[in-house]
Amino acid sequence: TPLIYDLVILGELCDRISVKKDGSEEWERFHPVLSLLSYMLKAPLVPYGAPVVNALFTQRQAIINVMRACLGLCPENHMTLEHRFESTLEELQKQAAAPLGRPQKKPRI
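Model, not experiment: these values are computed from the prediction.

## Topic: the overall build of the protein chain
Stage number 1. A tally of regular secondary structure across the protein chain gives three helices and two strands.
Stage number 2. The buried share among the 109 residues of the protein chain stands at 26%.
Stage number 3. Across the protein chain, contacts joining residues at least 24 apart in sequence account for 44% of those joining residues at least 6 apart.
Stage number 4. For the protein chain, the exposed area adds up to about 8,500 Å²; of that, 58% sits on carbon and sulfur atoms.

## Brief notes about helix 2 (residues 56–70)
Stage number 1. Relative to the 21 Å expected for 15 residues at 1.5 Å per residue, helix 2 spans 22 Å between its end C-alpha atoms, a close match to the ideal helical length.
Stage number 2. Buried within helix 2 are the following residues: Thr 58, Gln 59, Gln 61, Ala 62, Ile 63, Asn 65 and Val 66.
Stage number 3. Where helix 2 is buried, its residues touch helix 1 (2–16).
Stage number 4. Gly 72 lies just past helix 2 and shows a positive phi near 90 degrees.

## Brief notes about the nonpolar core
Stage number 1. One finds Leu 7, Leu 10, Cys 14, Ile 17, Phe 30, Leu 36, Leu 37, Met 40, Ala 62, Ile 63, Val 66 and Phe 85 forming the largest nonpolar core, which totals 12 residues.
Stage number 2. Those elements giving two or more residues to this core turn out to be helix 1 and helix 2.

## Some details on the pattern of salt bridges
Stage number 1. Overall, the coordinates contain two salt bridges when judged by the stated rule.
Stage number 2. The partner of Arg 16 in a salt bridge is Glu 12, and the shortest N-O contact between them spans 2.9 Å. Highlighted residues: Arg 16 and Glu 12, both in helix 1, separated by four residues, approximately one helical turn.
Stage number 3. A relative accessible area of 38% means that Glu 12 is categorised as partly exposed.

## Describing the environment of Leu 7
Stage number 1. Along the chain, Leu 7 turns up in helix 1.
Stage number 2. For Leu 7, a relative accessible area of 16% translates into the label buried.
Stage number 3. For the pair formed by Leu 7 and Tyr 39, sequence separation is 32 residues and the distance between their alpha carbons is 9.6 Å.
Stage number 4. Leu 7 has contacts with Leu 37, Met 40 and Leu 41, leaving out every residue within four places of it along the chain.

## So, helix 1
Stage number 1. Taking 1.5 Å as the rise per residue, helix 1 with 15 residues should run 21 Å; its terminal C-alpha atoms sit 21 Å apart, in good agreement.
Stage number 2. Considered for burial, the residues of helix 1 that qualify are Leu 7, Leu 10, Gly 11 and Cys 14. Seen along its axis, helix 1 keeps its buried residues to an arc of 100 degrees; they face one direction. Looking at helix 1, the residues exposed on the side facing more than 90 degrees away from the buried face are Pro 2, Tyr 5, Val 8, Ile 9 and Arg 16.
Stage number 3. Next to the buried residues of helix 1 lie helix 2.

How each quantity is defined
- Residues numbered from 1 in each chain as written.
- Predicted model: local features only at pLDDT ≥ 70, side-chain atom pairs only at ≥ 80, totals over all residues.
- Heavy atoms only, no water.
- Helix = DSSP H or I, 4+ residues; strand = E, 2+ residues; numbered from the N terminus.
- Buried < 20%, exposed > 50% of the residue type's maximum accessible area, 1.4 Å probe, protein only.
- Contact = heavy atoms within 4.5 Å.
- Areas by Shrake-Rupley, 256 points an atom, 1.4 Å probe, with all protein chains shown as cover.
- Expected span 1.5 Å × (residues − 1).
- Core = buried A, V, L, I, M, F, W, Y, C linked by side-chain atoms within 4.5 Å.
- Salt bridge = Lys/Arg side-chain N within 4 Å of Asp/Glu carboxyl O.
- Arc of directions from axis to C-beta.

Here you go:
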């Protein structure tokens, strides 16, 4: 039962957190797939395009650093916010799909 309580409390807390990026007008919430909960679950579930993190220490540090950010403290490491919001995941997917900015070689005739 304590594990269920922890999952519910952490899920509720993540639902209440919203972030505003520099230069943006809108507040954004965490992606609906809360990968932070994977610390307490057997198999981590992550949004499409986000890396799967199986390291228990890294998952724990992500939770700690999100809580530190809520208090206004700087993160120590492993927060990976770029994989926690839908807009940043979309940007990362576009960058991965875009062709490299290398100049094309001219064919030799």
